[in-house]
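Listed here are the chains, written in short residue letters.
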Amino acid sequence: MGETLLKVEDMKIYYPVAGAGFGKKEYVKAVDGVSFEVQKGEVFGIVGESGCGKSTLGRGICKLEQPTSGKVILDGEDITGYSNKQMRPIRKKVQMVFQDPYASLNPRMSVFDIIAEPLIVHKLYKDKADLEKKVLDLLKRVGLDDYHANRYPHEFSGGQRQRIGIARALAVEPQLIIADEPVSALDVSIQAQVLNLMNELKKDLNLTYIFVAHDLSVVEYISDRLGVMYLGNFVEVGDKSKIYKNPMHPYTQALLSAVPVPDPTAKRERILLEGSIPSAHKPPTGCKFHTRCPKCMECCKTQAPERYEVDDGHYVYCHLYDDKIKKQKEG
Ligand code: SF4
């Protein structure tokens with residue numbers, strides 16, 4: 001086990017629902033009590049269908065969304081209640097890379113100004129010449145050239161724009177990068193280039209990533225460990241190799257059954273889930289997955305499952321791994 005960089009404890013992010021009725025408070029529970037740790041130098045993947053709360057969780061960690069409750073501890077510092085002013089030095093440690101590189105880059109700013117901005121805000125340069133050198137070095141790091149500095153975002157392809165977004169994130173020399181679906185808007189061939197770049201940067205700069213994605217192949221490629229999310233909660237957390245080889249939660253099993261395997265002779269039975277992900281406003285009682293779970297038992301409808309460690313560091317939230325219920329089923 002390495003050194004912990006980030007600890008998230010029981011994070012909840014709820015949004016009040018407008019017009020819920022007189023005197024009644026109702027909430028959309030986007031993130032509903034999530035706990036996990038990320039070690040220095042690792043890539044922690046967060047995967048799940050759209051609407052499961054994974055992006056909100058990522059934004060909650062760097063306080064682009066204010067958590068309703070829970071704790072965020074970064075490098076030993078509890079940043080949960082920090083104001084915007086207190087967060088300023090923290091933003092140097094944690095940076096985000098967003099899904100849509102075009103929307104996240106100001107179209108009126110040149111690439112030079114986009115990358116220089118965080119260096120200026122955090123006063124990370126000595127003089128003009130130093131600022132210019134730093135911006136050009138960053139461009140080079142992400143595989144772009146000096147002459148790109150004077151161009152504008154619309155003059156670049158999607159992959160190049162994502163490189164600019166990555167250069168901007170790297171400018172403040174962060175420890176942790178939260179990448180929210182960073183390649184999902186790109187063509188498959190370009191996805192591989194950006195993922196390779198992120199891998200190289202991680203090694204060269206000793207970075208830690210939280211990598212949020214809906215695409216299981218992408219998460220498998222880049223992650224060391226991962227958490228599978230469903231309707232605001234993790235359902236399975238563990239080493240990538242363990243989860244991909246031996247998924248234990250029925251939801252993970254269904255998700256992985258849909259991923260094509262490279263070996264055409266290998267047979268994998270496709271598990272089809274019925275219905276779509278329920279609303280986080282009125283989630284199902286008990287295990288939130290029970291309305292779609294092919295292995296649902298009576299107890300699943302009323303009791304939320306606890307966390308069970310099925311292997312070293314491999315956790316599953318499912319009654320199937322409760323010894324008492326297992327014995328009842330066997331008996
Ligand atoms: Fe399925 Fe029950 Fe396990 Fe939930 S707790 S995943 S409903 S078996």
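Residues numbered from 1 in each chain as written. Predicted model: local features only at pLDDT ≥ 70, side-chain atom pairs only at ≥ 80, totals over all residues. Heavy atoms only, no water.

**As for the overall build of the chain**
Worth spelling out the cut-off: The helix and strand labels rest on DSSP assignments: H or I over at least four residues marks a helix, E over at least two residues marks a strand, and numbering proceeds from the N terminus. Taken over C-alpha atoms, the radius of gyration is set against a globule rule of 2.2 Å times the number of residues to the power 0.38. We call a residue buried when its accessible area falls under 20% of the maximum for its residue type, exposed when it is over 50%, and partly exposed in between, using a 1.4 Å probe and counting protein chains only. Any two residues whose heavy atoms approach within 4.5 Å at even a single point are treated as in contact. Accessible areas in this description were obtained via Shrake-Rupley with a 1.4 Å probe; residue shielding takes into account the shown protein chains only. Residues scored as positive are Lys and Arg, those scored as negative are Asp and Glu, and His as well as the terminal groups of each chain are ignored. Charged side chains are reduced to one point each, which is NZ for Lys, CZ for Arg, CG for Asp and CD for Glu.
Secondary structure assignment for the chain yields 10 helices and 12 strands. Relative to the compact-globule value of 20 Å for 331 residues, the chain shows a C-alpha radius of gyration of 21 Å, a close match. Overall size of the chain, expressed as C-alpha extent along the three principal axes, is 75 × 60 × 40 Å. For the chain, buried positions account for 49% of its 331 residues. Looking at the chain alone, contacts between residues at least 24 apart form 62% of all its contacts between residues at least 6 apart. On the chain, roughly 16900 Å² of surface is accessible, and the fraction owed to carbon and sulfur atoms is 49%. Here the chain contributes 46 positively and 44 negatively charged side chains, and the mean placements of these two sets differ by 3 Å.

**Description of empty space enclosed by the protein**
Basically, it comes down to this: Buriedness for pockets is judged along seven lines, at least five of which must meet protein on both sides within 12 Å for an open set on the 1 Å grid over protein atoms alone, while cavities are sets there where a 1.4 Å probe fits but cannot get out, and lining residues have an atom within 4 Å of a point. Grid points are joined across faces, edges and corners, and a volume is the space filled by probe spheres set on the points. Any residue outside Ala, Val, Leu, Ile, Met, Phe, Trp, Tyr, Cys, Pro, Asp, Glu, Lys and Arg is labelled polar, Gly included; the first ten of those are nonpolar and the last four are charged.
Scanning all chains against the criterion turns up one cavity of 30 Å³ or more. One number sums up the size of the largest cavity: a volume of about 80 Å³. Lining the largest cavity are 13 residues, with P250, C287, C293, C300 and C318 positioned closest to its centre. When grouped by side-chain class, the residues that make up the lining of the largest cavity number nine nonpolar, three polar and one charged.

**Overview of the environment of L205**
For L205, the position within the fold is in helix α6 (residues 188–205). Its relative accessible area of 32% is what places L205 among the partly exposed residues. Through-space distance from the C-alpha of L205 to that of L272 is 41 Å; in sequence the pair is 67 residues apart.

**Here we look at the site of the ligand**
Basically, it comes down to this: Any residue with a non-hydrogen atom lying within 4 Å of a molecule or strand is treated as near it. Being in a pocket or cavity means that more than half of the molecule's atoms lie within 2 Å of its grid points.
All residues adjacent to the ligand are H249, P250, C287, F289, H290, C293, K295, C300, C318, H319 and L320. Placement of the ligand is best described as lying within the largest cavity. Taken together, the residues of the shell around the ligand break down into seven nonpolar, three polar and one charged.

**Focus on the nonpolar core**
Operational definition: Residues belong to a common nonpolar core when they are buried Ala, Val, Leu, Ile, Met, Phe, Trp, Tyr or Cys residues joined through side-chain atoms within 4.5 Å.
Core analysis: the largest hydrophobic core is formed by 67 residues, its most contacted members being I115, I164, I166, L170, M198 and F211. Excluding residues that lie within four positions of it along the chain, L170 makes contacts with L138, V142, I177, L201, L205 and L207. Core analysis: the next-biggest nonpolar cluster, separate from the first, contains 29 residues, L6, C52, V94 and V237 among them.

**What to know about the layout of surface pockets**
Each pocket or cavity is described by its volume, and for the largest pocket that value is around 690 Å³. Forming the walls of the largest pocket are 32 residues, and the residues nearest its centre are G33, N233, F234, R307 and Y317. Of all elements in the fold, only β2 (27–39), β9 (225–230), β10 (233–239) and β12 (314–317) reach the threshold of two or more residues within the lining of the largest pocket. Sort the elements by how many residues they give to the lining of the largest pocket and β2 lands first, with seven residues. Class assignment for the residues of the lining of the largest pocket results in 16 nonpolar, eight polar and eight charged. Considered as a void within the structure, the second largest pocket measures approximately 460 Å³ in volume. In terms of lining residues, the second largest pocket is bounded by 20 residues, among which R91, Q95, F98, P118 and R168 are the most central. Elements that contribute at least two residues to the lining of the second largest pocket include exactly α2 (84–93), β6 (94–97), α3 (111–121) and α5 (158–170). With four residues, the single largest contributor to the lining of the second largest pocket is α3. Taken together, the residues of the lining of the second largest pocket break down into 12 nonpolar, four polar and four charged.

**Side note on the sheet that holds strand β11 (residues 307–311)**
Condition: Should DSSP find at least two bridges between two strands, the strands are taken to pair. All axes are obtained by fitting lines to C-alpha atoms, using only the stretch in contact for helices, and the reported angles, taken between N-to-C directions, cover 0 to 180 degrees.
Pairing is mixed across the open sheet formed by eight strands, whose spatial order is β6-β7-β8-β3-β9-β10-β12-β11. For this open sheet the edge positions go to β6 and β11, each flanked by a neighbour on one side alone. The average angle at which neighbouring strand axes cross in this sheet is 20°, direction not considered. As defined by bridge partners, β11 adjoins β12 across four bridges and the pair is classed as antiparallel. Considered in β12, the bridge of D311 is made with H314. Across the sheet, α2 is in contact with β6 and β7 (176–180); its angle to β6 comes to roughly 65°.

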